[in-house]
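Structural characterization, general
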Amino acid sequence: MNAENTPVVPDGVSELDVIGVRQGSFNIAGSGDTSGFGGLVSPIVMPGPSERPYGGWFDEVADEIELSLQARNLPAASVIEKVVVDRGEITFFVHRHHLVEFARVLRDEPGLRFEMCMGVNGVHYPEDAGRELHACYPFLSITHNRRIRVEVTAPDADPHIPSIVGVYPSNDWHERETWDFFGIVFDGHPSLTRIEMPDDWAGHPQRKDYPLGGIPVEYKGATIPAPDNRRAYN
Amino acid sequence: MSNVTYTSVETPGEDIYAGSYETTEGTIYNLAGGDWDTIAAAPEGEKERIVVNMGPQHPSTHGVLRLILELDGETVTDARCGIGYLHTGIEKNMEFRTWVQGVTFVTRMDYLTPFFNEAAYCLAVEKLLGITEQIPERASVIRVLMMELNRVSSHLVALATGGMELGALTAMTFGFRERELVLDLFEMVTGLRMNSAFIRPGGVAQDLPADGEKAIRDTLPLLRKRMKDTADLLIDNAIWMGRTVDVGYLDLQGCMALGITGPVLRSAGLPHDLRKSQPYCGYETYEFDVPTQTSCDAYGRFLIRIAEMHESLKIVEQCLDRLAPGPVMVEDKKIAWPAQLAIGADGQGNSTEHIKHIMSESMEALIHHFKLVTEGFTVPPGQAYAAVESPRGELGAHVVSAGGTRPYRVHFRDPSFNNLQATAAMSEGAMVADVIAAVASIDPVMGGVDR
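Residues numbered from 1 in each chain as written. Chains lettered and ligands numbered in written order. Predicted model: local features only at pLDDT ≥ 70, side-chain atom pairs only at ≥ 80, totals over all residues.

1. Some details on the overall build of chain A
This is how the line gets drawn: Think of it this way: any DSSP run of H or I at least four residues long counts as a helix, any run of E at least two long counts as a strand, and we number them from the N terminus. For every residue pair, C-beta atoms are placed from the backbone, and the pair is scored as a contact if these atoms sit within 7 Å.
Regarding its fold elements, chain A presents four helices and 12 strands. Oriented by its inertia axes, the alpha-carbon framework of chain A measures out at about 65 × 45 × 30 Å. For chain A, long-range pairs separated by at least 24 residues make up 54% of all intrachain contacts whose partners lie at least 6 apart in sequence.

What follows is the structure, encoded as structure tokens:
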């Protein structure tokens, strides 16, 4: 990318919410595309942080979390990076060092009572510098009938996130799966081994830099490339 | 051969499993192994450990599940699961296909509950698109109808395979026979018995066939009667109770700690059901009960499944009663899949009416058809989590979009995957035979576990 087509981050958008750049209209470069669409460059902006009031019970949960953190001598600002309310869901971005304490607050505070953690899911944003690996934890409170999401980020260079298996034992396999597929090391997990891929597998298949694989298919003289090498819209 | 002389070079300290002999024609290695006493002698003071590897190819492990059991006599002291034998990379593959094509993948995950997989995925995509409120009433009713029929077919397989694994072969033949009735309905409505890719973002692929409502209604009495036969066969059956009562015990505390949902959680007495607590597809408007048991055991889960099937049929009847004519896809032509399928002389394909419309009536319709089929629609950046109550518990879809025509990341929180973690808690301290009953009562489907 040269300086000429460096994408302009739109006004009012934090660089933190830009997770990548879309170039062109098709998935591949150098195909001799003369439509002009190949030169398109646009930033990919995820929904940005929300300001209070968040609406509905979101504020109650946020208040309760802040009070509980304060009671544990943790100022909310040092624990919660940002809060995103989007599409009727609330997401707390939490600094990874405070994740375990945060999970304990969610589980134990009577006003929160998130009895269940519905696992963890990795997402790899290779262009989100310094925050390439995201881990998303959906929480469910049966008592209050509420759902929230907690998101934690880690850089590719230091892919460590503390394990919350000690707080939510149900996350045992989920964390193993996320290690298996994304290479996120969950520190403190009782036995962080591969779960879906064979034990001697090299690489972490669901990262964006891991190819899909596949072989070209030949039919009646024409060759169809593997799915990740096909010309397609992006 | 008389000139061959055997000289034993077996010396202490050499490989006891493969001693060798020198002959005039060279060294001969003896691979017969050593004396069992010298091989198996345990070091002083250490108890004998027997580790049994059960599966992955085993008729009673409920699929390609590998159980690693440590035994003391016939008592299981340690139970661990080995999974991953059915991993197909569905989540990764979906990142290389359009949003609509994703349905074709997810329907194959938990192959006993295709409609739930599709519904969870489509609800998440619709949330991302912001069209949840625009899904036509008829589409939602058909979704509920198919999901509830699917719950019946899935529970029937749970009874059938669970019965087979415990030796009740008639339960298996009954269960699969009744399931066939439901699969016939699926075939009539979607064209396929399984993997139907019927629920699509925005609605369903096509309307019920003309005689669909009647065919479903006509099947219900037979299904009810036969389900009663299967239940009667097992409910008071002394052998069945002997194998399942107080087996696979997991109380509410254990369920909560391990994140267990579905019939296993309800067998511990908690009436948690997403259809009631966080309704989707209009479930709040249907009348049904959430059966629970307090026995925390495999027998309780069996009773819950029987009761749930009857509740599902109640919902199916309500669906049939409220089916009003109307569209089955959102109105937004930028999202709605354009094709209308029909059975032609040469098999199934686009209806002649649709082809006439795009080829000779409307230029825009042709453009939309072409763009939607080749490029697909784009979804604004963001992430969403949608959960449905599958027959096994909470099936959640976490879908991330980066604004493209293809998902950036899709992850499924499959209930089988999560619930299988309870195997150790349910079976350690029990007999080997009870492990089978415990796993069968979780009812994991390995296609969903491994995805």
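2. Let's talk about the overall build of chain B
Filter applied, for reference: Burial is judged by counting other C-beta atoms within 10 Å of a residue's own C-beta: 20 or more means buried, 12 or fewer means exposed, and anything between counts as partly exposed, with every C-beta placed from the backbone.
For chain B, the helix and strand inventory stands at 18 helices and 13 strands. Taken along the three principal axes of its C-alpha coordinates, chain B extends 100 × 55 × 45 Å. Taking all 451 residues of chain B together, 49% fall into the buried category. Sequence-distant contacts, at least 24 apart, represent 66% of the contacts inside chain B between residues at least 6 apart.

3. What about the interface of chain A and chain B?
As a reminder of what qualifies: Each residue gets one label: Ala, Val, Leu, Ile, Met, Phe, Trp, Tyr, Cys and Pro are nonpolar, Asp, Glu, Lys and Arg are charged, and the others, such as Gly, are polar.
On the side of chain B, 38 residues touch chain A, which itself brings 35 residues to the contact. Broken down by secondary-structure element, the contributors of at least two residues to the side of chain A that touches chain B are β1 (18-23), β2 (41-45), β5 (116-117), β6 (121-124), β7 (133-141) and α4 (171-182) of chain A. Of the residues that constitute the side of chain A that touches chain B, the class distribution is 20 nonpolar, seven polar and eight charged.

4. What about the nonpolar core?
All names here are of chain B. Convention followed: Buried Ala, Val, Leu, Ile, Met, Phe, Trp, Tyr and Cys residues form a nonpolar core when they are connected through C-beta atoms within 7 Å.
Counting residues in hydrophobic clusters, the biggest one holds 172 residues, and the most contacted among them are A119, A120, A124, V125, L250 and V388. Looking at this core, the element that brings in the most residues is helix α5 (residues 137-165), giving 15 residues. Ignoring sequence-local partners within four residues, the contact set of A124 consists of A384, Y385, A386, A397 and V399.

5. Observations concerning the confidence of the model for chain B
All names here are of chain B. Which entries qualify depends on this criterion: Residue-level confidence of the predictor is summarised by pLDDT, bounded by 0 at the bottom and 100 at the top.
Per-residue confidence for chain B gives a mean pLDDT of 86; residues scoring 70 or more make up 91%. Below pLDDT 50 for its whole length, residues 5-10 participates in 11 contacts with residues either more than four positions away or in separate chains. The complex prediction reports pTM at 0.87, with the ipTM value standing at 0.88.

6. Some points on the environment of V13(A)
All names here are of chain A. Summarising the element assignment, V13 is placed in the segment before β1. C-alpha separation for the pair V13 and E127, spaced 114 residues apart in sequence, amounts to 17 Å. Residue contacts for V13: discarding those within four places in its chain leaves V18, V45 and G48.

7. Some details on the packing of α5(B) against helix α12 (residues 298-322) of chain B
Residues and elements named next belong to chain B. This is how it is decided: For helices, the fitted line uses only the C-alpha atoms of the stretch in contact; every axis is such a line through C-alpha atoms, and the angle between N-to-C directions lies from 0 to 180 degrees. Each angle receives one of four descriptions, namely roughly parallel if under 35 degrees, roughly antiparallel if over 145, roughly perpendicular if within 65 to 115, and oblique otherwise. Whether a crossing is left-handed or right-handed is set by the direction in which the near helix is turned from the far one by less than a right angle, anticlockwise for left-handed and clockwise for right-handed.
Put simply, α5 and α12 touch, their axes get as near as 9 Å, and they point 155 degrees apart. Comparing the axis directions of α5 and α12 gives the class roughly antiparallel. Crossing geometry of α5 relative to α12 is assigned as left-handed. Packed against α5, whose contacting residues are V141, V144, L145, E148, L149, R151, V152, H155, A158 and L159, the element α12 presents R305, E308, M309, S312, L313, I315, V316, C319 and R322 at the interface.

8. Quick look at the environment of H87(B)
Here H87(B) shows up in the loop between β6 (75-82) and α2 (90-94). With 20 C-beta atoms counted inside 10 Å, the residue H87(B) sits in the buried group. The spatial distance from the C-alpha of H87(B) to the C-alpha of N195(B) is 17 Å, given a sequence separation of 108 residues. H87(B) has contacts with E196(A), M197(A), D450(B) and R451(B), leaving out every residue within four places of it along the chain.

9. So, the packing of helix α13 (residues 352-361) of chain B against helix α14 (residues 363-374) of chain B
Residues and elements named next belong to chain B. Their axes nearest at 6 Å, the elements α13 and α14 cross at an angle of 115 degrees. Crossing angle aside, the handedness with which α13 passes α14 is left-handed. Taking contact as the criterion, the partners of H357, I358 and M359 in α13 are, on α14, A365, L366 and H369. Of the residues contributing to the contact of α13 with α14, the split by class is four nonpolar, two polar and no charged.

10. Quick look at the sheet that holds strand β5 (residues 66-72) of chain B
All names here are of chain B. Rules: Pairs of strands are assigned from DSSP output, requiring at least two bridges between the strands.
The sheet built from three strands is open, its strands ordered β4-β5-β6 with antiparallel pairing. Each of the sheet's edge strands pairs with one partner strand only, and the pair in question is β4 (50-54) and β6. Each neighbouring strand pair of the sheet contributes to a mean axis angle of 20 degrees, computed without reference to strand direction. Pairing analysis gives five bridges linking β4 to β5, with the strands arranged antiparallel. Bridge pairing in β5 places N53 opposite I68. Across the sheet, helix α17 (residues 432-442) lies against β5 and β6, angled at about 150 degrees from β5, the strand it touches most.

11. Some thoughts on helix α3 (residues 99-108) of chain A
Residue and element names in this part refer to chain A. Operational definition: This arc is taken over the directions from the axis of the helix to the C-beta atoms.
Along α3, the residues classified as buried are L99, F102, A103, V105 and L106. Projection of α3 onto a plane perpendicular to its axis shows the buried side chains occupying an angular sector of 155 degrees, all on one side. Looking at the buried side of α3, the elements it contacts are α1 (58-71), α2 (76-79), β4 (89-94), β7, β8 (146-154) and β9 (160-162).

12. Some words on the sheet that holds strand β11 (residues 382-390) of chain B
Residue and element names in this part refer to chain B. Pairing is antiparallel across the open sheet formed by three strands, whose spatial order is β11-β12-β13. Looking along the sheet, the strands with just one partner apiece sit at the ends: β11 and β13 (409-413). The sheet shows a mean angle of 15 degrees between the axes of neighbouring strands, taken without regard to direction. Where strand β12 (residues 393-401) meets β13, five bridges bridge the pair, whose relative direction is antiparallel. Counterpart to V400 in the pairing with β13 is R409.

13. Considerations on unusual backbone geometry
Note the cis peptide between R52(A) and P53(A), where omega equals -5 degrees. The backbone phi angle of D246(B) is positive, close to 65 degrees, even though this residue is not glycine. Mapped onto the elements, D246(B) comes out in the loop between α8 (238-244) and α9 (252-257). In this structure, R451(B) takes a positive phi of about 45 degrees despite not being glycine. Topologically, R451(B) is positioned in the segment after α18 (446-450).

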